[in-house]
Amino acid sequence: MHLFAYQLKQAFLSLKQKPGFVFSIVSTMGITLGALLCVLTLAYLLLIEPLPYPEQDRLFVAEHKVLGDKKETKTVAYSYAGLVHLYQSKAAFEQAAIMYYDQDVILSHLNQPLVNTTYTTPELHQLLASTMATGQMFTASEALDTNNPVAMLSYNTWQQKYDGSADILEQKINIRGVSYRIVGVLAEGFVEPELAEIGRETQVWLPWDYNQTDQVSRKSFLSIKGNFKFLGQLKKGLSKSQAQQLLTPLVSKRWQEGVADMEFFKAWSIEMRVRSVKDVMLGESESIAVMLLAGVIGLVLIACANISNLFLARTAEKQRQMAIQAAIGATKKQLFKAMLAETSLLMLMSIILALILAKGGFYLMQQYLGAVLPRVNELSLNRITLSCAALTTIILALFFAKLSTRIINYRELNASLQSSGKGSGLRVSTKTRQVLIASQVALATLLVFANFSLLKDAVKTINTPIGFTTNNISTLTLNFSSTPLSSEEEVIAIMAEIIEKLKTLPQVEAIAHGSSPLDGFGIKLLTKLDDNEGHSPYLKRIDHRYFKLIEQPLLQGENFTKLDSRDNNYSMIVNQAFAKQLTPDGDVVGMRLVSINEPEFKIIGIVKDIAIPGDTPFGSDDVAAPIPRAYVPDNLDDNNFILKIKAGQSISRQQLGKLLAEVDARYSVFSFKSANDMLTQSLFTQITTAVTTTVLTLITFFLAGIGLYGILSYSTQMRRFEIGTRMAIGAKRGDLILLIIKDNAKPIISGLLLSLVILLSVYFFFSVDLSTYITLQLAPLFVATLLLISTLSLLACYLPLRRFINSPAISNLQGSE
Amino acid sequence: MSTAILLLKNIGKIFETEELETHALKSINLTVNKGDYVSISGPSGCGKSTLLSIMGLLDVSSSGEYFIEGVNVTDLSLDQAAEVRNAKIGFIFQSFNLIDELSVFDNVALPLRYHADKPNNATIKKRVIECLEKVGLSHRISHKPNQLSGGQQQRVAIARALVANPAVLLVDEPTGNLDSKSADQVMDVLDQLNKAGTTICMVTHDPRYADMARTKVQLLDGAILQAPVAKMVG
């Protein structure tokens, strides 16, 4: 131990003389190990770490699949009546909770902030065993149909919106005109299951009874919404599939009874799907985590190959020093320990840097990937990260020490003391060099290809024209803070006045009634009159100014008029995709469609298709196909407006709030969003993927380039005398370039073939799991990757050779510069 | 009448560093005629190897003019110099400079692989065997250099130097890495070659072997000490 301490000290002093070497190793390993620790911690969290709830393996989400007449899935969402029926049936679950996810404005707060709200029954926090920072959670007094106006806040809401006020339990919170007494604040460490969407955190919890479903919809089995959820603890001994078998007939029968008076749904049914909370939360994140892990391990392997090369060169450089140590009695083991002291110090420095970078990485992931990956808020430098760091340090230190000492021939060390140095130094064996080159090429090809294919998809989505403009377009949604609601006529009059007021703003160029072109579509069930064929396009209510304002072209027929809205005309404009669905030639102007409990709709025009990122068609798996859409005139009481702002100008939320107050104080700004921001938000996953894969491709390429250059440069350096000899007997520069390329072609081609074999193996053995990512259509991309890596390899062959072949032959024979 | 194979006119070589300028060769005038056997000797650091490098177009002179078979080769490009080396000059180095990974056959055949005429494999094989027979090593054709003794390796190097029928053999300390018996064998081979008409220009510090040459050149501090002395052939 005493000797090792001495060797550590010597290693430190020796490394102090080599700042470039230390910097290369610590920066390369620090950065790649930092990424590895970051992704390892994330992967552990997503793949292994149980959710922080008691009996979490018995917590399941029951999902409501609406099946069409051909048993195809139309949607996975509940109707209010269906959800409450399931909740009250108590079937299959020992305890269950229902949730309604929404957003609301806290009217009682000075800034009237928009917050995420969840309306739920008291069982939810009992199932999650939530702990409180102060106060109490919902109890039986907030159960279904108790109408008890109380609220719970999240810890962050308490701290950020109420400054951690000590008298928070004496305060009330006003949402949509209802005053709720705050009864509790959840503990700081409470982790909410991300069931509605990844990264969504509820800020205010309210009793189920107060959710925003209107009285008509509460009784309907057709008012289907995606923001209803059901969570329960399965009865002991009941499996997931048993639960599904038990629930499906129960729920389907009730649903069919609920829609029995409508012919359209005669052949439709419900199928219940039961999934563990973890599965629902993780979704495709598990495969993302595995892919990230594979990518980062690839990077670390490339870095290790690079660093191996540096250590081999370092050993060659230290040959004389080791020969002296051997001459004065150092054993082989002692030489290994001396090398281990050096590799340990370097790996220790690298891992410290890696831990700092991992901490930064966690912060970045929490800031930017919270909406893409679940559980990122739980990321921290925990025992798993630290254990991995310690283990990695030990393994890498031992590996590099072993690799370095492996090239030393202990018996021949003494001979090096007598050698002239002319080509007689330590050499890395040809086999080792070839293995290093082949592995670098294979890893780089696989990583670059994987990144390219992800990048290609992301860029394709980002670059797909959406079919309308988002420039200078903003959407305003109003919040109404009074009960009971005003009459329809009164609302129409107020909305008209608000439009007139908005027009007076100097920044406003144009205005239309309707929700953002990027959302606000519902599903409309329609039947063609001539053949009774059912259709379910997305439907949006708009006014006559909508298409012109967002520059969505009208291809055929005519636009709505002002009168269509005023007179509640049943005219309809459809897009190309819906027109083609109705008749193959797409000529549908004048066609009539029937809806449930409504007069006939007459199609008056056809507009161009639009492509909203992330939108999936209702009842179809073909996500690439344009979505059938229909537009009908709004009835002027809609509280959504689209504003076209003059170029270079802007409107503040406060300015709008003031304007609304002048018209009717009961109205406030619910949200005011730029369409460009919304588009960026909906492309967030693709943009994140594009940026991440571009960065990873560049890092991979950079590391592979350095690694290949390093090993080929070393290899060429070792052949300097041979190159000099060949030059002496008449080899021209071209001959030597060909020679080096030919000699290195074997490991380079082996590496390329190895990557192909790995890829084909993955394709054939995991084709089901990876069908989204690996297809034969990617073959040209793989060829492009091969060409790119081959070019990189050729450059790495040529560049180190250049200085030898461009100087007189004698320089190489003498070893002088 | 003698024909000049190599003609050096006022050849000088200066090695420059930031702080120092070393005159390695000073105005060397030397003629090597067809069939000559020239030895260049002198103390360590006198410029023998530098002179041989310039004569072999491995290095360029700082001044003067250099002609091979009457052609001025002073300012050739790297590739032109390589072509002249391949066609006109055969090198023999002190440390043999054989390529370990190649067999004896492939080592000897190497200059023909780089030859402008691109001879076919049959021609190469015939020529390699002829040369190996000249040095008495045709039975070692498939061996690797590290399977041969030092003397055998140097004889392979001689065969390699001869294979492209060069105008002159430039020999740098051919016995420096050999025991005396092997050294004698190698010098015998060179002697035989010269007697058969091969022009040889050899750098050596061994007076015994320098005496074997017909013309002796003595170098001191980068200059020829005295005019080349031709030995009388009895």
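Details of the structure are given in the entry above.
Residues numbered from 1 in each chain as written. Chains lettered and ligands numbered in written order. Predicted model: local features only at pLDDT ≥ 70, side-chain atom pairs only at ≥ 80, totals over all residues.

Participant: An account of the overall build of chain B is needed here, citing residue identities and associated values.
Facilitator: Summing up its helical and strand segments, chain B has seven helices and eleven strands in all. When the 234 residues of chain B are sorted by exposure, 47% land in the buried category. Of all intrachain contacts in chain B linking residues separated by at least 6 positions in sequence, the fraction that spans at least 24 positions is 69%. (Helix = DSSP H or I, 4+ residues; strand = E, 2+ residues; numbered from the N terminus. Buried ≥ 20, exposed ≤ 12 C-beta atoms within 10 Å, placed from the backbone. Contact = placed C-beta atoms within 7 Å.)

Participant: Give a detailed account of unusual backbone geometry, specifying residues and quantitative values.
Facilitator: Residue and element names in this part refer to chain B. Of note in this structure, N10 is not a glycine but carries a positive phi near 50°. When you line up the elements, N10 lands in strand β1 (residues 4–16). Of note in the backbone geometry, F96 takes a positive phi value of approximately 65° without being a glycine. Residue position: F96 is located in the loop between β6 (89–92) and α3 (104–113).

Participant: Quick rundown of the nonpolar core? Include the residues and the values.
Facilitator: V39 of chain A together with V108, A159, V163 and L170 of chain B are the most contacted members of the largest nonpolar core, which totals 167 residues. Considering every element that reaches this core, the biggest residue donor is helix α14 (residues 430–463) of chain A, with 15 residues. Two domains share this core, each providing at least three of its residues, namely domain 1 (1–51 + 281–422) and domain 3 (429–465 + 682–817) of chain A. Other than its neighbours up to four places away in sequence, V108 of chain B contacts V128, C131, L132, V156, A159, R160 and V163 of chain B. Within the second largest apolar cluster, 58 residues are counted, among which are F60, Y78, I168 and M272 of chain A. (Core = buried A, V, L, I, M, F, W, Y, C linked by C-beta atoms within 7 Å. Domains from an automatic or database assignment.)

Participant: Any details on the packing of helix α11 (residues 332–368) of chain A against helix α12 (residues 383–406) of chain A? Residues and values, ideally.
Facilitator: Residue and element names in this part refer to chain A. Put simply, α11 and α12 touch, their axes get as near as 8 Å, and they point 145° apart. The element α11 and its partner α12 pack so that their crossing is right-handed. Two secondary-structure elements touch here, α11 through L335, F336, M339, L340, T343, S344, M347, L348, I351, A354, L355 and A358 and α12 through T385, A389, T392, T393, L396, A397, L398, F400, A401, S404 and T405. In terms of residue class, the contact of α11 with α12 is made up of 16 nonpolar, seven polar and no charged. (Axes fitted to C-alpha atoms, helices over the stretch in contact; angles between N-to-C directions. Left-handed = near helix turned anticlockwise from the far one by under 90°. Nonpolar A, V, L, I, M, F, W, Y, C, P; charged D, E, K, R; others polar.)

Participant: Lay out the sheet that holds strand β4 (residues 63–68) of chain B in plain terms, naming residues and giving numbers.
Facilitator: Residue and element names in this part refer to chain B. With antiparallel pairing, the four strands of this open sheet are ordered in space as β2-β1-β4-β5. Of all strands in the sheet, those bounded by a partner on one side alone are β2 (21–33) and β5 (71–72). Sheet analysis places β1 next to β2, joined by nine bridges and oriented antiparallel. Pairing of K13 across the sheet is with L25, part of β2. (Pairing = 2+ DSSP bridges.)

Keep in mind these numbers describe shape, not what the thing actually does.
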